[in-house]
Amino acid sequence: MKRDAASQSMDSELEEAICKLAWLNFARARGDVDSCAALLSELKVLLTRIPSLPPSFEKTPNAVEELKIARAIYENAVILSLKIKDREALERNCCQLKEFYINTCGMIPPSPDEYPFLGLNLLRLLAENRIAEFHTELELLPLEALNHPCIKYVVELELSLMEGAYNRLINARQAVPHETYVYLMDLLAETVRDEVAECSVEAYDYLPISVAKKMLMFTSDQELLEYISENGKSRIAQSISTWQNPNLT
C-alpha cells in the first residue's frame, strides 16, 4: 500500500509539472516575463520532490518522463535569465541544465536544443573573459558537437578574440546561429571594447575622438561619450577621460 501511495504521489507531481510547464511555454510565447518567473519558481520547488532527478537518479516508474520534463524546465530557465538579463541566474541555470545533458546520456533521448544551449554556455564564458573555463568546457564536449553550427560559431569567436580580430568578432553578431545568443554577443562586444580601451590607455597619452571612436567600434561621437560616462568610476573611464580634451579633434 505504501508503494502504491508513493507511486500515486509521484504521478500527481508529474502531472502538475506537465501542466505548469505547458502554462510556462504559453506565457513565454506571449512574452509574459512575470508569469514565466512565477511558474519557474513553482516548478523548481516541485522538482525538489522528485527523486529521479540529479543527483539521486532513482529509477522510479516515471523516471524518463520526469527527467525530460525537468530538462525542459531548466531550458526555459536559461531563456528567462537571458530575457531579464540576470547574469547570476544565467550561470546557475546553465550549470543545472548541463547536468541533464551530461549525466542523463543514454537515460533519455537527447534534447534537440542541447548543442545550442551548450554553445550558449561557451559564449557566456567568452563574454565574461573566462578563457580558461571556456577551454575546459570545450574539451568536455563530444567530437560530434564540434561540427554543430552553434558550437563552431563560438569557437570561431574565440579564435577571433585570440587573434585580436575585433572587427570580425563584432560583425559576427549579425550572423548569430540562435536567437538566444544576441544578449551575450552584446556582452562580448562590451568585453572587447573594455579590452581595447585598457590597451589603448596604456599605449597613448591621449587620442583624438575620431580615432578613439574607430578603435572602439562606435558609429558616433555620442556613443563614445556615453561609453565614457557610463563607466565613469572605472579605471577605464578615468583613463580614457583624457580623450575628451577640448583641444582634440
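Anything mentioned here points back to the structure above.
Residues numbered from 1 in each chain as written. Predicted model: local features only at pLDDT ≥ 70, side-chain atom pairs only at ≥ 80, totals over all residues. Heavy atoms only, no water.

(A) Structural view of the overall build of the protein. What the protein contains, in helices and strands, is 12 helices and zero strands. Scanning the protein from its N terminus toward the C terminus, one meets helices and strands in the order α-α-α-α-α-α-α-α-α-α-α-α. Partitioning the contacts of the protein with sequence separation of at least 6, the portion at a separation of at least 24 is 59%. Carbon and sulfur atoms provide 52% of the accessible area of the protein, an area that totals close to 13,800 Å². (Helix = DSSP H or I, 4+ residues; strand = E, 2+ residues; numbered from the N terminus. Contact = heavy atoms within 4.5 Å. Areas by Shrake-Rupley, 256 points an atom, 1.4 Å probe, with all protein chains shown as cover.)

(B) Broad picture of the pattern of salt bridges. Within the structure shown, the criterion is met by 12 salt bridges. A salt bridge links glutamate 128 to arginine 87; its shortest N-O distance comes to 4.0 Å. Taken as a pair, glutamate 128 in the loop between helix H5 (114–127) and helix H6 (131–140) and arginine 87 in helix H4 (residues 87–103) lie far apart in primary sequence, 41 residues in all. Judged by its relative accessible area of 38%, arginine 87 falls in the partly exposed class. Note that glutamate 133 and arginine 130 form a salt bridge whose closest N and O atoms lie 2.8 Å from each other. We classify glutamate 133 as partly exposed; its relative accessible area is 39%. (Salt bridge = Lys/Arg side-chain N within 4 Å of Asp/Glu carboxyl O. Buried < 20%, exposed > 50% of the residue type's maximum accessible area, 1.4 Å probe, protein only.)

(C) Representation of the packing of H5 against helix H7 (residues 149–163) within the structure. With their axes 8 Å apart at the nearest point, H5 and H7 run at an angle of 15° to one another. With respect to each other, H5 and H7 are oriented roughly parallel. For the element pair H5 and H7, the recorded crossing hand is left-handed. Along the contact surface, H5 presents Tyr115, Pro116, Leu118, Gly119, Leu122, Leu123 and Leu126, while H7 presents Cys150, Ile151, Val154, Leu157, Glu158 and Leu161. Grouping the amino acids of the contact of H5 with H7 by side-chain chemistry returns 11 nonpolar, one polar and one charged. (Axes fitted to C-alpha atoms, helices over the stretch in contact; angles between N-to-C directions. Parallel < 35°, antiparallel > 145°, perpendicular 65-115°, else oblique. Left-handed = near helix turned anticlockwise from the far one by under 90°. Nonpolar A, V, L, I, M, F, W, Y, C, P; charged D, E, K, R; others polar.)

(D) Summary view of the packing of aromatic side chains. One pass over the full model with this rule turns up four aromatic pairs. Judged by centre distance (5.9 Å) and plane angle (80°), the rings of tryptophan 23 and phenylalanine 26 are edge-to-face. Highlighted residues: tryptophan 23 and phenylalanine 26, both in helix H1 (residues 2–30), separated by three residues, approximately one helical turn. Judged by its relative accessible area of 42%, phenylalanine 26 falls in the partly exposed class. Here tyrosine 74 and phenylalanine 100 contribute two aromatic rings whose centre-to-centre distance is 5.7 Å and whose plane-to-plane angle is 35°, an arrangement assigned as tilted. A residue pair is termed long-range when its members are at least 10 positions apart, and tyrosine 74 in helix H3 (residues 63–83) and phenylalanine 100 in helix H4 qualify at 26 residues. The ring of phenylalanine 218 carries arginine 193 above its face, with NZ or CZ at 4.3 Å from the centroid. (Phe/Tyr/Trp six-rings, centres within 6.5 Å; stacked < 30°, edge-to-face > 60°. Lys NZ or Arg CZ within 6 Å of the ring centre and 35° of its normal.)

(E) Just the side chain of glutamate 13, in detail. Checked against the element boundaries, glutamate 13 lands in helix H1. Within the local environment of glutamate 13, its side chain forms a polar contact with the side chain of arginine 49, the two groups lying 3.1 Å apart. The residues touching glutamate 13, leaving out its near neighbours within four places in the chain, are Leu46, Arg49 and Ile50. (Polar contact = N/O pair within 3.5 Å; in protein donor to acceptor, adjacent residues only side chain to side chain.)

(F) Representation of the nonpolar core within the structure. Val78, Leu123, Leu126, Val154, Leu157, Leu184 and Leu188 are the most contacted members of the largest nonpolar core, which totals 71 residues. Top contributing element to this core by residue count: H3, with 10 residues. With near-sequence residues (within four places) excluded, valine 78 lies in contact with Leu90, Asn93, Cys94, Leu97, Phe117 and Leu120. (Core = buried A, V, L, I, M, F, W, Y, C linked by side-chain atoms within 4.5 Å.)

(G) Spotlight on the environment of isoleucine 18. For isoleucine 18, the location among the structural elements is in helix H1. Of the residues examined, isoleucine 18 reaches a relative accessible area of 38% and is grouped as partly exposed. Here the alpha-carbon distance between isoleucine 18 and leucine 43, two residues 25 residues apart in the chain, equals 9.6 Å.

(H) Structural view of H6. Those residues of H6 that fall on the buried side of the exposure criterion are Ile131, Phe134, Glu137 and Leu138. Take H6 and look down its axis: the buried residues cluster within an arc of 120°, on one side only. Seen from the buried face of H6, the exposed residues on the opposite side, beyond 90 degrees, are Ala132, Glu139 and Leu140. Residues of H6 that are buried in the fold lie against H4, H5 and H7. (Arc of directions from axis to C-beta.)

(I) Expanded view of the packing of H5 against helix H9 (residues 182–203). Between H5 and H9, whose axes approach to 8 Å, the crossing angle comes to 25°. Classed by the angle they form, the pair H5 and H9 counts as roughly parallel. Of the two elements, H5 crosses H9, and the hand of that crossing is left-handed. For the pair formed by H5 and H9, the contact residues are Leu120, Leu123, Arg124, Leu126 and Ala127 on the first element and Leu184, Met185, Leu187, Leu188 and Thr191 on the second.

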